[in-house]
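Fold and contact review
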Amino acid sequence: MKTPQPLRLSLLDRAVIAEGETPAETLRDVVGNARQAEDLGFHRYWVAEHHSVPGIAGSAPTVLAAAVAAATSRIRVGTGGVMLPNHRPLVVAEQFGVLESLFEGRIDMGLGRTLGFVPAVRAALGHDLDEADHFDELLTELLGYFTGEQRTHPGVHARPGEGLRPEPFVLAVGSGGEYAARHGVGLVIAPSKGLAATRAKIDEYRRSFQPSAWRSEPYVVVAQTVAVAETREAAEDLLLPEHWSTALSRTRGEFPPLRPAAEIRAVDKTSRESKYLEQALTGAIHGTADEVAPRLTDLAEATGADELLIGTSSYDRKALFDSHRRLAGLAGA
C-alpha cells in the first residue's frame, strides 16, 4: 500500500485585472504574489493563458512564468496552462527549453486543450475548434522534442529543450485524463462535475497510467477555488469579484475587470446572473479556517489528490494574501 504523503498546496494566478488597475500593475502584482507564495511555503506558482479578455492580463504564460521564476528562487513555476492547440509544439518546446535552461529543476509545463472561446479569437490565433481533437498528436510531438524521439518532423530538434525535463501536466477537459495516463505525465483536474465523477476520472487515470521518461507513478493535482478569512462573509467577499465577472461573461459575453464586493452586493442582478453567482459560490470552499480545514481534508480524501491547486482571484489583493497566509497555516506550509 502506498505510504500517504503530506498534501502539497500550490497557487494558480490568472492575472485578473482589478477595476481601475492597468495590466502592467496587474502583472507586477502577479510577480509580487509569487514571492509571497514562496515565503509562505507553497509548492508551485502557475500562470494561465487567456486571449482578448478585457479583465485578464495573462495572455503570454511562458513570458510571465519567466518573470516569476526570475523573481523567486525555490518555488516551482509553470503554466496552468499553455493551450497546446493554439501553438506549434516546436515553439512550445523551445520556450520551455529556455525556461528550464535558465531555472533548472523548477519549471512545470501545464498543457491544456482549450482554444479561444470565440470565433474571432480563434481566427486571430490561426486555429479552428477541431484542432483540439488532435491534442494527442500535438502532445506526442511536444514531448518528443525533449526526449529526442520526435518523429513528426524528422531532423528537427528543439534547442534548447532536447534532453531537458520540465515537468509536464495535462489539464483534464473531457478525455484529458486519458492523454495524461497514456503519456505518463501528471494530471490536473477540477471537480466541476461533482466529486463522484471527478474521482471516477482520477481512478481511471491511475489504472491506465503508463510509466514514462517523465513519471514512474501517476500524480494528481486537484484544482479548487478556496478563500479563508476571519469570517465567512469576509471569505465570500473575496470570491464575489471573480464570480461576478464570470457570471457577466456567461450572460453578456465579456469578462470585465474585477469590482469591489460591496458594489457587487448592491447591484440589481438578473435571475440568470444571480443563478450563476450562487452556483459559483456553492462550488467554492470558503469560510473561516475552522470551516475550511475539514472541507480541504474531505476534498483530498474524496479525490485521492496528491496536491491541491488553489486558483482564487479577487479585487482586494491584501485580503487575498491574508487568505493565502491562513491557507498555508492550515496546511502547515
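Up top is the structure.
From a predicted model like this one, the values you see are computed outputs, not experimental measurements.

**A closer look at the overall build of the chain**
- Within the chain one finds 12 helices and 10 strands.
- Computed over the C-alpha atoms, the radius of gyration of the chain is 19 Å, within 12% of the 20 Å expected from 2.2 N^0.38 for a compact globule of 333 residues.
- Overall, the chain is about 60 × 50 × 35 Å in size when its C-alpha atoms are taken along their principal axes.
- Within the chain, the proportion of its 333 residues that are buried is 50%.
- Of the roughly 15100 Å² of accessible surface on the chain, a fraction of 52% belongs to carbon and sulfur atoms.
- Across the chain, the 35 positively charged side chains and the 44 negatively charged ones have centroids separated by 2 Å.

**Thoughts on the pairing of strand E3 (residues 76-83)**
- Summarising burial for E3: 8 of the 8 residues are buried, a large majority.
- Both strand E2 (residues 44-47) and E3 contribute to a ladder of 4 bridges, which runs parallel. The residue of E3 that forms the bridge with Val47 is Thr79.
- Following the chain from E2 across helix H2 (residues 61-71) to the adjacent parallel E3, one finds a crossover that is right-handed.

**Observations regarding helix H6 (residues 176-183)**
- For H6, a buried count of 6 out of 8 residues is recorded, marking the element as mostly surrounded by other parts of the structure.
- Taken together, the buried positions of H6 are occupied by Gly176, Gly177, Tyr179, Ala180, Ala181 and His183.
- Elements in contact with the buried residues of H6: helix H5 (135-147), strand E5 (167-171), strand E6 (186-189) and helix H7 (195-208).
- Once H6 finishes, Gly184 follows within two positions and takes phi at roughly 70 degrees, a positive value.

**Observations concerning the environment of Arg252**
- By secondary structure assignment, the location of Arg252 is in helix H8 (residues 232-252).
- Overall, the relative accessible area of 57% leaves Arg252 in the exposed class.
- For Arg252, the side chain forms a polar contact with the side chain of Glu273, separated by 2.8 Å.

**Notes on the side chain of Glu167**
- Note on placement: Glu167 falls in strand E5.
- Residues in contact with Glu167, not counting those within four places in the same chain, are Arg44, Arg76, Ile107, Asp108, Met109 and Arg215.

**Let's talk about the sheet that holds E6**
- In space, the 8 strands of this closed barrel follow the order E1-E2-E3-E4-E5-E6-E7-E10, with parallel pairing throughout. Neighbour-to-neighbour, the strand axes of the sheet open up by a mean angle of 25 degrees, direction not taken into account.
- Two elements, E6 and strand E7 (residues 220-224), share 3 bridges in a ladder whose sense is parallel. Bridging from a neighbouring strand, Ile189 pairs with Val222 of E7.
- In the packing of H2 onto the sheet, contacts are made with E2 and E3, and the angle to E3 comes to roughly 175 degrees.
- Packed onto the sheet, H5 meets strand E4 (107-112) and E5 and runs at close to 160 degrees relative to E4.

**Let's talk about the packing of aromatic side chains**
- A full pass over the atoms with the stated rule returns 5 aromatic pairs.
- With a centroid separation of 6.4 Å and an interplanar angle of 70 degrees, the aromatic rings of Phe169 and Tyr219 are classed as edge-to-face. Remark: Tyr219 occurs in the loop between H7 and E7 and Phe169 occurs in strand E5; sequence separation between them is 50 residues.
- On the accessibility criterion, Phe169 (0% relative accessible area) is buried.
- Here Tyr219 falls in the buried class, since its relative accessible area comes to 8%.
- Ring centres of Tyr205 and Phe209 lie 5.8 Å apart, and the angle between their planes is 80 degrees; this geometry places the pair in the edge-to-face category.
- A relative accessible area of 1% places Tyr205 in the buried class.
- On the accessibility criterion, Phe209 (10% relative accessible area) is buried.
- One aromatic cluster is present, built from ring pairs that chain together Trp46, Phe169 and Tyr219.
- Between Arg165 and the ring centre of Trp214, over which it is positioned, the NZ or CZ distance is 5.1 Å.
- Taking NZ or CZ as reference, Lys269 lies 5.7 Å from the ring centre of Trp244, over its face.

**Quick notes on unusual backbone geometry**
- Omega for the peptide link from Gly80 to Gly81 comes to 5 degrees, which places this bond in the cis form.
- Of note, Gly81 is situated in strand E3.
- Residue Pro160 is bonded to the preceding Arg159 through a cis peptide linkage, with omega at -5 degrees.
- Among the secondary structure elements, Pro160 is positioned in the loop between H5 and E5.
- We note that Ala15 has phi near 55 degrees; this positive angle belongs to a residue other than glycine.
- Relative to the assigned elements, Ala15 resides in the loop between strand E1 (8-13) and helix H1 (23-40).
- Given a relative accessible area of 1%, Ala15 falls into the buried group.
- One non-glycine residue, Ser52, adopts positive backbone phi at about 60 degrees.
- Mapped onto the fold, Ser52 is located in the loop between E2 and H2.

Basis of the calculations
- Residues numbered from 1 in each chain as written.
- Predicted model: local features only at pLDDT ≥ 70, side-chain atom pairs only at ≥ 80, totals over all residues.
- Heavy atoms only, no water.
- Helix = DSSP H or I, 4+ residues; strand = E, 2+ residues; numbered from the N terminus.
- Rg over C-alpha atoms; globule rule 2.2 N^0.38 Å.
- Buried < 20%, exposed > 50% of the residue type's maximum accessible area, 1.4 Å probe, protein only.
- Areas by Shrake-Rupley, 256 points an atom, 1.4 Å probe, with all protein chains shown as cover.
- Lys, Arg positive; Asp, Glu negative; His and termini not counted.
- Charge placed at Lys NZ, Arg CZ, Asp CG, Glu CD.
- Pairing = 2+ DSSP bridges.
- Right-handed = clockwise from strand over helix to strand, strands pointing away.
- Contact = heavy atoms within 4.5 Å.
- Polar contact = N/O pair within 3.5 Å; in protein donor to acceptor, adjacent residues only side chain to side chain.
- Axes fitted to C-alpha atoms, helices over the stretch in contact; angles between N-to-C directions.
- Phe/Tyr/Trp six-rings, centres within 6.5 Å; stacked < 30°, edge-to-face > 60°.
- Lys NZ or Arg CZ within 6 Å of the ring centre and 35° of its normal.

By themselves, these figures tell us nothing about what the structure is for.
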